[in-house]
Amino acid sequence: MKRRAYIWITLLATLVLVPAGYAYVQWSKSGPGSGVYSRAWTPEPVHAYWDPDRFYQSVQTVQGEFKGEECLACHQAVTPGIVKDWRASRHASPGPGKEPVYCSSCHGTNHQALKMPTPKVCAQCHENRHAEFVDEKRFGFPSHALAMERAVDAKHFADKPKAEVASCLQCHSVATKCDSCHTRHRFTAAEARRPEACITCHSGPPHPDDDSYFASAHGKRYLAEGDRWDWSKTLTKGNYPAPSCAYCHMRDGKHQVADKTIWKFGLLEVNPNTSGNEVRRNAWVEVCSDCHEAQWSAERLRELDRERRTAWAKLDRAETVLKNLRSKDLLHPGAGERPPYPMDLMERLLPHARIGYYDGQASAFYNVSPIERDYFEMWYFANLGAYKSAAHGDAGSTSSWHAQMDRALESIEQRAQALEEQGEAEKNALGRRHDPGPAWLEGEYTTHNRDRN
Amino acid sequence: MKRRAYIWITLLATLVLVPAGYAYVQWSKSGPGSGVYSRAWTPEPVHAYWDPDRFYQSVQTVQGEFKGEECLACHQAVTPGIVKDWRASRHASPGPGKEPVYCSSCHGTNHQALKMPTPKVCAQCHENRHAEFVDEKRFGFPSHALAMERAVDAKHFADKPKAEVASCLQCHSVATKCDSCHTRHRFTAAEARRPEACITCHSGPPHPDDDSYFASAHGKRYLAEGDRWDWSKTLTKGNYPAPSCAYCHMRDGKHQVADKTIWKFGLLEVNPNTSGNEVRRNAWVEVCSDCHEAQWSAERLRELDRERRTAWAKLDRAETVLKNLRSKDLLHPGAGERPPYPMDLMERLLPHARIGYYDGQASAFYNVSPIERDYFEMWYFANLGAYKSAAHGDAGSTSSWHAQMDRALESIEQRAQALEEQGEAEKNALGRRHDPGPAWLEGEYTTHNRDRN
Amino acid sequence: MKRRAYIWITLLATLVLVPAGYAYVQWSKSGPGSGVYSRAWTPEPVHAYWDPDRFYQSVQTVQGEFKGEECLACHQAVTPGIVKDWRASRHASPGPGKEPVYCSSCHGTNHQALKMPTPKVCAQCHENRHAEFVDEKRFGFPSHALAMERAVDAKHFADKPKAEVASCLQCHSVATKCDSCHTRHRFTAAEARRPEACITCHSGPPHPDDDSYFASAHGKRYLAEGDRWDWSKTLTKGNYPAPSCAYCHMRDGKHQVADKTIWKFGLLEVNPNTSGNEVRRNAWVEVCSDCHEAQWSAERLRELDRERRTAWAKLDRAETVLKNLRSKDLLHPGAGERPPYPMDLMERLLPHARIGYYDGQASAFYNVSPIERDYFEMWYFANLGAYKSAAHGDAGSTSSWHAQMDRALESIEQRAQALEEQGEAEKNALGRRHDPGPAWLEGEYTTHNRDRN
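Residues numbered from 1 in each chain as written. Chains lettered and ligands numbered in written order. Predicted model: local features only at pLDDT ≥ 70, side-chain atom pairs only at ≥ 80, totals over all residues. Heavy atoms only, no water.

For chain A, an unreviewed UniProt entry supplies the name Hydroxylamine oxidoreductase and the organism Sulfurifustis variabilis.

Given below as structure tokens:
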């Protein structure tokens, strides 16, 4: 065939396939549900409150147009607590010459078409903060601004029982509403500056930010004296005796927390010495130097480099063990022996055990062989716990989490040895691999999920 | 035989056996110890302070009759802290025209016959609160009012080392004294309204109420601002910016927390849609509606229904696996291979592995085969943790606990498969089941318990 | 040989060997690193801040001699937070007629030779407190004053990856600087009296002092009201409604916490009834009697005796199982199958699996067979957790930790049975023990440690 023909074919294929792919994704997302599985999966009704732009529908029990003082007059009796909160807020007393921000300013006036305010609504006044928040998207995931989108687009979110992912989505709603951090209807910056504003979500595995902060020398001073600090002050050098989450991560209140991340949440192996990371490192040293010697700050960051290197040496070793088992077909239930994700055509055609983060299964490690689950927990719980503890200066937990990684590595080594021996024995005895049976392809739990999801 | 003879035999048997049974229980309870094992088991001496009505004996070192100001005069020097607490209490300053409630009012005047006050003593003044408290008994266990009784009547309480159940009984003493929640001698309602009044007991597995509340949006506001709320206010709509434990569970201070329970603490599979539960559900929606949209509240409760359904699907599957193993005699140490509970005649005659809650072993799952223990922890720790987290709006932990349930289910499936294969192999090789040996029937730990309990 | 010859030989040998041994230890300690491995192992650079006397070197970027107000003038702009702290401190306003304690009083005046203050620097003014602190050494380890020394002298500290032991040494630096408890530069006694001063280090396994205290009735009152107590008061009877860590353990502020220890941190089996322990017990009863009945206090301590006895019965049983396996060469990787500690000549010559605390491996249980690791966790995490919970009156966790010990014992029994059966089978089949292969002698993680440590 002539060379020109190839060019033409490639060009035509591109012209057809790219728009087709684009159209397919758009079509996938336009179903009644959420994300790229919106045609296969609809979130629970409570999700309407977490992604109001897409799902919220106002109650129809109260009719009429109300505004400002009229809303308050009635809700004073119906929900007095939130009215009190509002009255104490800057929305109620915005200063001389300014109009209060009433209920109706954000929720609308027609009681049968009330809105649940989303970031866009808040952006009407708080334009800069919203712009900073949205700007985070450019740093990729994990980030607040992409939290919801990336969640509902993940295969395992659509696969797991809805009632379980509902709890995930509650925190991931940080992308689609502002009251995750600024609790309604007081909305005071003073509240959002305190660590409690962050820890409703940033707690527990895989991100024990609360434990690690509160166990650090910083957190300890906060716990002992924080109630007497003046939280109306901005997050600026000299205003606080010890830092809160926001003091370091949201310098001067900037609503973008991703621009100083060197180690990417501890999720991935990174080279901490790239030129980009040197810029970020200097930004950190500058923050720490509000109170500490710059030399000390730099050494603490180097220490974190080393902690990460140790953690990754352990994870690498575990991953090597697993990949070796996979190559010998010794993982069971292995790929093809458990139900594929919904709409996962590729997995159906080419079953393939995915090991580690880049291989693609991420937090989906819930329907795999026990040794893979061990690795998942080692990576996602112990490793991330170690990172957060080391990063926040919680020495005790850094040790504990590393001990847990050692423990997991030991267990993985031992299980692997047993699987190798068992595989050998079975090959000798049966001339073939052991058949794990239908345990994971069907059964009450799997069937239950399928039926009700 | 004539029909009349049957009637007479039945009637006579009833007339003999019912009183005999009643007398036997009374006799069992009338020993030197506590509960139906009172003749086989005496609690540790410290228990005198937890069930004072039954066991407390006053110290004999101080002689004489004292009252009112005389007690204070001396204890001002001996235990100044508690005297200060009392002086700051409403007992010391009950208002114009009222007599203070002195030490002697509750402890008595004869120093060699001092009493440790019990709920009945407090009821002399706080009659209504006490009546509410006692009323809880009608809802069965778990309830505060039955906490002590049901504990000391449980077989495993009498079987486990005393030093271990001592720690259980410390919290179960909530039934037999009031200072579990109202710390002596300040006794302020303001203290009891705060979550700390509850969490001394409601913490840790199997009821992480503290963690789940503090990690919720409610708890977060409490942590950040609670110290500045006015706790002298009653637990009524509009008085608090966010709820504490008591705000929702002890509405208006009502000392009865069992009348709104739909899911029974997460312990049992329930039908959440019975007419009775619809009444309770509406009561919950009413509570939540103090601040939230009723529609939102209803959806959150539906969400909890679904979380429970998922949890129970997992537990059902695990229980099925275990019952299958039991039917094949593959649990070891199985029934009959470990020491029966004390006085457990039935277990001696008819050894029978009990699986799950209704089968009767409950928290006694400490001397069983490892796979049964896995199930116990799945049910009692992970499942209850999931329930508490979901119920209190702690999204992160709901996910974690469900991940732990998945993990346990996986482990149970795998262990079961191994036991099946091993059983098969042994049957082929030996023509009979493997003998676990005397590991659990004797040995240092078991002997130690027997000797010292 | 004549008797006199023996005497001369012994005398000469002693005269040579004792000084030789002494000289060897001195030589070992005089290397560039820290502790007896100072010639083989140098701590991470950040350690300079934790053992400043030995490692800290001042930054060279600022030149000149400064004192008093001059330091402040500049640091007001550079690090305003710590200057504010200092201005609010008693160092800044020591009272009429007294000279302030300026930056230069502790750090020196030459900016290129600044010191990081150590206990000796603080002792210039706080002589008595320092003497109490040093006095703790006579009670042996664990103690604050020996924390650093004993850490860097432990084999496993020199063996584990530096980045991991760095986190250990952060807390162990309590021996070599005072700001572990008195956070700079406010240095208020009021802060150090609060539990937060202790829990930066005393948290998490193996010493969940924070959890156990905060879950106790004492901790609960602290959490609910502590912010309103007057912390400027001394730690004396009647000054506080409930105790903090320091109230009981550092009576009247005494900087020595080891003289009342009966159960030695829960680490060792002790006889709680020695005459020495009776003296300590009475000292405890006296502390508790500040608020409680002496009889009650004595019973709580007896209860703790019993809790310990139960815990040790479990540990004894586990240790017996392990020693039996060791005697049959059934632990693998066993001694000789994993890399010995650096400079551990004896282990190289006479490989010997060390089981339990006295055998010598202590917290080094990270490179051993899984069943030994189970025992380590049972002893070091569950057992110590149980002790701390019981000692601090956290009933719920006492039960949980004991359940975890039971669980571990079960697992150890089962693993041991499997190892015995496997060993038997291998002996029958191969005529020899199974070879675990080089898994623990080399491999990525071990090699990684060796290369980079």
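## Looking at the interface of chain A and chain B
Each partner contributes to the interface: chain A provides 60 residues, whereas chain B provides 49 residues. Counting the surface lost from both chain A and chain B, the interface buries some 4500 Å², and carbon and sulfur atoms represent 49% of this. Viewed at the interface, chain B and chain A are joined by seven salt bridges. In this structure, Arg228 of chain B engages Asp227 of chain A in a salt bridge whose closest nitrogen and oxygen atoms are separated by 3.9 Å. Applying the counting rule to chain A against chain B returns 18 residue pairs in polar contact (both at pLDDT 80 or more). The dominant element in the side of chain A that touches chain B, judged by the number of residues it contributes, is helix H10 (residues 162-172) of chain A, at seven residues. Here the residues of the side of chain A that touches chain B sort into 27 nonpolar, 15 polar and 18 charged. (Contact = heavy atoms within 4.5 Å. Buried area = accessible area lost by both parts, 1.4 Å probe. Salt bridge = Lys/Arg side-chain N within 4 Å of Asp/Glu carboxyl O. Polar contact = N/O pair within 3.5 Å; in protein donor to acceptor, adjacent residues only side chain to side chain. Helix = DSSP H or I, 4+ residues; strand = E, 2+ residues; numbered from the N terminus. Nonpolar A, V, L, I, M, F, W, Y, C, P; charged D, E, K, R; others polar.)

## What to know about the pattern of salt bridges
One pass over the full model with this rule turns up 93 salt bridges over all chains. Among the ionic pairs, Asp179 of chain B bridges to Arg184 of chain B, the shortest N-O distance being 2.6 Å. Arg184 of chain B gets classed as partly exposed once you look at its relative accessible area, which sits at 34%. The partner of Asp259 of chain C in a salt bridge is Lys254 of chain C, with the nearest N and O atoms 2.8 Å apart. A relative accessible area of 26% places Asp259 of chain C in the partly exposed class. A single network of salt bridges, built from pairs that share partners, joins Arg373, Asp374, Glu377 and Arg415 of chain A together with Arg407 of chain B. (Buried < 20%, exposed > 50% of the residue type's maximum accessible area, 1.4 Å probe, protein only.)

## Focus: the relation of the copies chain A and chain C
When chain A is fitted onto chain C, the two copies agree to an RMSD of 0.1 Å after a turn of 120° and an axial shift of 0.0 Å. Accordingly, the operation relating the two chain copies is best matched by a three-fold axis. In terms of proximity to the rotation axis, the leading residue of chain A is Asp227 of chain A, whose C-alpha is 4.6 Å off the axis. When you check the interface residues of chain A against chain C, a mere 2% turn up at the interface there too, and the two sides of the contact use different surfaces. (Least-squares fit on C-alpha atoms with pLDDT ≥ 70 in both.)

## Let's talk about the interface of chain A and chain C
The parts lose accessible area when they come together, and the size of an interface is often stated as this lost area. Between chain A and chain C, the residue contacts involve 49 residues of the former and 59 residues of the latter. Note on chain A versus chain C: buried area summed over both sides is about 4500 Å², and carbon and sulfur give 49% of it. Inspection of the chain A/chain C interface yields seven salt bridges. Linking Glu44 of chain C and Arg306 of chain A is a salt bridge whose minimum nitrogen-to-oxygen distance equals 3.6 Å. Across the contact surface, chain A and chain C share 18 residue pairs in polar contact (both at pLDDT 80 or more). Listing elements by their share of the side of chain A that touches chain C, those giving two or more residues are helix H14 (217-225), helix H17 (294-327) and helix H20 (395-430) of chain A.

## A look at a nonpolar patch on the surface
Residue and element names in this part refer to chain A. Among the surface-exposed residues, Trp8, Leu11, Leu12, Leu15, Val16 and Leu17 lie close enough to one another that they form a single nonpolar patch of about 660 Å² accessible area. Looking at the element boundaries, Leu11 is found in helix H1 (residues 3-29). Residue class for Leu11 comes out partly exposed when judged on its relative accessible area of 44%. (Patch = residues over 30% accessible without salt bridge, like charges linked within 9 Å, V, L, I, M, F, W, Y side chains within 5 Å. Areas by Shrake-Rupley, 256 points an atom, 1.4 Å probe, with all protein chains shown as cover.)

## Topic: the nonpolar core
Soluble, globular proteins show a tendency: their nonpolar side chains are buried together. Residues and elements named next belong to chain C. The biggest cluster of nonpolar side chains holds 30 residues, and the ones touching the most others in it are Ile371, Tyr375, Met378, Trp379 and Ile412. Counting only elements with at least two residues in this core, the list comes to helix H17 (294-327), helix H19 (370-392) and helix H20 (395-430). The dominant element in this core, judged by the number of residues it contributes, is H19, at 10 residues. (Core = buried A, V, L, I, M, F, W, Y, C linked by side-chain atoms within 4.5 Å.)

## Here we look at the relation of the copies chain A and chain B
With an RMSD of 0.1 Å, chain A superimposes on chain B once it is rotated by 120° and translated 0.0 Å along the axis. When the interface residues of chain A are mapped onto chain B, a mere 2% of them are again interface residues, pointing to distinct binding faces.

## Topic: the packing of aromatic side chains
All chains considered together, the criterion is met by 53 aromatic pairs over all chains. When the centroid spacing of 5.3 Å and the interplanar angle of 40° are considered together, the rings of Trp379 of chain A and Tyr380 of chain A count as tilted. Residues Tyr380 of chain B and Phe381 of chain B carry aromatic rings whose centres are separated by 5.8 Å and whose planes lie at 45° to one another, so their mutual orientation is tilted. Owing to a relative accessible area of 17%, Phe381 of chain B belongs among the buried residues under this scheme. Here a set of aromatic residues connected by ring pairs shows up, and it is made of Tyr213, Phe214, Tyr222, Trp229, Trp231, Tyr240 and Tyr247 of chain A. (Phe/Tyr/Trp six-rings, centres within 6.5 Å; stacked < 30°, edge-to-face > 60°.)

## Here we look at the confidence of the model for chain A
Considering every residue of chain A, the mean pLDDT works out to 88; 90% of them sit at 70 or more. Per the prediction output, this complex has pTM 0.91; the corresponding ipTM is 0.89. (pLDDT = per-residue confidence, 0-100.)

## Observations concerning unusual backbone geometry
Peptide bonds are, in most cases, trans, and in most cases residues other than glycine have a negative phi. Residues and elements named next belong to chain B. Cis geometry is found at the peptide bond from Arg184 to His185, where omega equals -5°. With respect to the helices and strands, His185 occurs in the loop between helix H10 (162-172) and helix H11 (189-192). Even without a glycine there, the phi angle at Phe187 is positive, about 50°.

## Topic: the state of the cysteines
All names here are of chain B. By the definition in use, this model includes zero disulfides over all chains. Cys288 takes part in no disulfide bond, and the closest cysteine sulfur to it belongs to Cys248, at a distance of 6.6 Å. Overall, Cys288 belongs to the partly exposed group, its relative accessible area being 21%. (Disulfide = S-S within 2.5 Å.)

## Looking at the packing of helix H16 (residues 275-288) of chain B against helix H17 (residues 294-327) of chain B
Residue and element names in this part refer to chain B. Two numbers describe how H16 lies on H17: the axes approach to 9 Å, and their chain directions differ by 130°. Classified by the angle their axes make, H16 and H17 are oblique. The crossing of H16 and H17 is right-handed. Contacts from Glu278, Arg281, Trp284, Val285 and Cys288 in H16 reach Ala294, Ser297, Ala298, Leu301, Arg302 and Asp305 in H17. (Axes fitted to C-alpha atoms, helices over the stretch in contact; angles between N-to-C directions. Parallel < 35°, antiparallel > 145°, perpendicular 65-115°, else oblique. Left-handed = near helix turned anticlockwise from the far one by under 90°.)

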